[in-house]
Amino acid sequence: MSVGGQPDQEYLNDNDDTVGRRSRILGGGGGGKGGRGRPEGRRAVVIAMISTVVFFGVIIVAVVNSAGWTVVKQTFFNGEQFRESFPGIARAFLVNVKLFLTAEVFILAFALLLAIMRSLPGPVFFPIRALSIGYVDLFRGIPTILVIYTLGFGAPALDLAGVPKSAEFWAVVSLVLVYSAYVAEVYRAGIESVHESQVSAARSLGLSRWQSLRFVVLPQAIRRVIPPLLNDFIGLQKDTALVSVLGVVEAARQAGIDNAATFNYTPFLATALLFVSITIPLTRFTDWLVARDRRRRQAGGVR
Amino acid sequence: MRKFLIGLMALAVVGVACSNDDGAGASGPTGSTGSTGPTGSTASVDPCAPESLNLLTSGTLTIGTDNPAFQPWFGGTGTYGPWKAKPDSGTGNPASGEGFESAVAYAIADQLGLTADQVTWVPITFTESFKPGDKGFDFDLNEISYSPDRAQAVDFSESYYDVSPALVAIKGTPITDATTFADLKGYKLGAQIGTTGYSYIVNNIQPDAQPAVFDKSVDVIQALSNGQIDGYLTDAPTAYVNVLIGQVKNGVVVGQVPAIGDQEYFGLVFGKGNPLVGCVNQAIEALKSDGTLDSLEAKWLKDVTFPEIQQ
């Protein structure tokens, strides 16, 4: 951890421990670390439970008694349709997994390159910096679906020798182009959060500019941006559904096919569950990773 | 805190009461349409007389179809609402009365005792046509195939056109030599979502590669031109027009595939339980028996038969 580092950017700031967060969710009396054993803590839990049951109870009762509920239940929550469509959608979901895993590897590398390009100092590197800035501005500004659509149908039309025409290939290229722009900014925030004194210290120890970047700045920067990186990774996972416009049959498209064949919307529910079944555990895993990292660094600080 | 809880409980009770009211209020009209309310009272009156038709707007037949509307289903020139007919690009004007579906729509209106002026067209996408809840149309006319699953969500009219899919490819490519389903197994095929073409590929041809599925017909055609797919399946009249007017450059209709199982047909789509479907079915029957439907088919769909690709 940097000594006297400049204030972290807002989304990097993840300093409240889990206990504190939990008690805040429950609105535990007095805030802070409302101990579970204390009577007001138990009271808070009971009130939270009752309040939750009543709150969701009202919503459920209102929905179930609404005029259109029977139709909605039949068309959106149809058990038979769910069982029928789920295996096909799950198979198609493997396409999404393949797409986002492949794309993420290239995104992490390409975005880091963009971020490093942007943080090169001095007037000599101005064109490199300008290139990186221009790239990020452009690709962050264009809706992802347009990039996929134009590149996915346009590039194969060029009929270039040796360049693949497959929709999956151009889908991955498009996702890499768009998401690298976002991820480059995340990296940059991380890099800029490492105080200049760190570089000065490294340089005074005889490290080259590249070495101080590689061994001093980046390890600190990347560790700090793991949560926002994961945030973008989840975004990427969901955006693999956009690839369907190129004809790729991934989970959302398979659901669309089933929906068009049966006029029933339950397949979309099945797709949503598949996406969530990956993103939620991944989020919890990152939370755990961040907490573990913080514990280690704090332990180091005390010693 | 206790006050707060009591307040919450009160809110809950009110919420339940309100929603129960909603439920009861809604079950009233549904119940009455289910019983013999309107039908019983009209025993002496013709329920399909123009003035007693169950229309969205009294005296106006509101028909939905997609924008753009494509030949040979919709022809003509000019603009109508959001539709712009550019015959060279294969798009049509639904209010022109030209093109098979447009002509059928006005023939049905005529049978129902309505004039052409009483017909209004509204743009309805394929996915909108079957969304639950209120429909913005009396019926939707958009080359939509009947299936028992679909009929659980909407009501279909009788067939106004019996459809069979055809295969389109680029001239001179190997797939154009295919004469059996076995010949097609190794090719990457494509179709538009929700069309008979897609279900036919998956259920009957069963190629080795996952067929590509596109939102729009122009995307299917682009993918074929790019070589991303080897061929696509669509209904025979559309295949014919795609090639005829050059939407597919150097395209050719390789052949037609045989009907397997029940004959596929296009039906008009109605909101579930709409009594209008009975009157429209009578109109379609009349158009069939007096030969109008056949002559419209001959006029607008020409003779679109192609060599058959054997199963």
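Residues numbered from 1 in each chain as written. Chains lettered and ligands numbered in written order. Predicted model: local features only at pLDDT ≥ 70, side-chain atom pairs only at ≥ 80, totals over all residues.

### Observations concerning the overall build of chain A
Tallying secondary structure elements over chain A gives twelve helices and zero strands in all. Scanning chain A from its N terminus toward the C terminus, one meets helices and strands in the order α-α-α-α-α-α-α-α-α-α-α-α. A buried classification covers 31% of the 303 residues belonging to chain A. Excluding contacts between residues fewer than 6 apart, the proportion of contacts in chain A whose partners are at least 24 apart in sequence is 70%. (Helix = DSSP H or I, 4+ residues; strand = E, 2+ residues; numbered from the N terminus. Buried ≥ 20, exposed ≤ 12 C-beta atoms within 10 Å, placed from the backbone. Contact = placed C-beta atoms within 7 Å.)

### Looking at the confidence of the model for chain B
Residue and element names in this part refer to chain B. For chain B, the mean per-residue pLDDT works out to 85, and 86% of the residues sit at or above 70. Confidence drops under a pLDDT of 50 for residues 12–42, and excluding neighbours within four residues, the segment shows 23 contacts in the predicted structure. Our summary of model confidence lists the complex with pTM equal to 0.76 and ipTM equal to 0.72. (pLDDT = per-residue confidence, 0-100.)

### Observations regarding the nonpolar core
In terms of nonpolar packing, the biggest core is built from 87 residues, with A:Ala103, A:Ala171, A:Tyr179, A:Val183, A:Tyr187 and B:Val168 touching the most fellow members. Looking at which element gives the most residues to this core, the answer is helix 7 (residues 167–193) of chain A, with 16 residues. The next biggest cluster of nonpolar side chains, apart from the first, holds 49 residues, and it includes B:Phe100, B:Phe139, B:Leu141 and B:Cys279. (Core = buried A, V, L, I, M, F, W, Y, C linked by C-beta atoms within 7 Å.)

### A closer look at the sheet that holds strand 11 (residues 189–192) of chain B
Residue and element names in this part refer to chain B. The strand order 12-11-13-10-14 describes an open sheet built from five strands, whose pairing is mixed. Edge positions in the open sheet fall to strand 12 (212–214) and strand 14 (251–256), since each of these has one partner strand only. Recorded for the sheet is a direction-independent mean angle of 30° between the axes of neighbouring strands. Direction of pairing for strand 10 (residues 165–170) relative to strand 14: antiparallel, over a ladder of five bridges. When the bridges of strand 14 are listed, leucine 167 appears paired with glycine 255. Sheet strands in contact with helix 7 (residues 217–226) are strand 10, strand 11, strand 12 and strand 13 (231–235), and its direction is about 160° off that of strand 11. (Pairing = 2+ DSSP bridges. Axes fitted to C-alpha atoms, helices over the stretch in contact; angles between N-to-C directions.)

### A word on helix 6 (residues 196–205) of chain B
Those residues of helix 6 of chain B that fall on the buried side of the exposure criterion are B:Thr196, B:Gly197, B:Tyr198, B:Tyr200, B:Ile201 and B:Ile205. Check the buried side of helix 6 of chain B and you find it contacts helix 11 (251–262) of chain A together with strand 10, helix 5 (181–184), strand 11, strand 12 and strand 13 of chain B. Positive phi appears at B:Gln206, one or two residues downstream of helix 6 of chain B, with a value of about 50°.

### A word on the interface of chain A and chain B
Opposite the 31 residues of chain A that make contact, chain B presents 36 residues. Among the elements that make up the side of chain A that touches chain B, the one with the highest residue count is helix 2 (residues 39–64) of chain A (eight residues). Of the residues assigned to the side of chain A that touches chain B, the class counts are 19 nonpolar, ten polar and two charged. (Nonpolar A, V, L, I, M, F, W, Y, C, P; charged D, E, K, R; others polar.)

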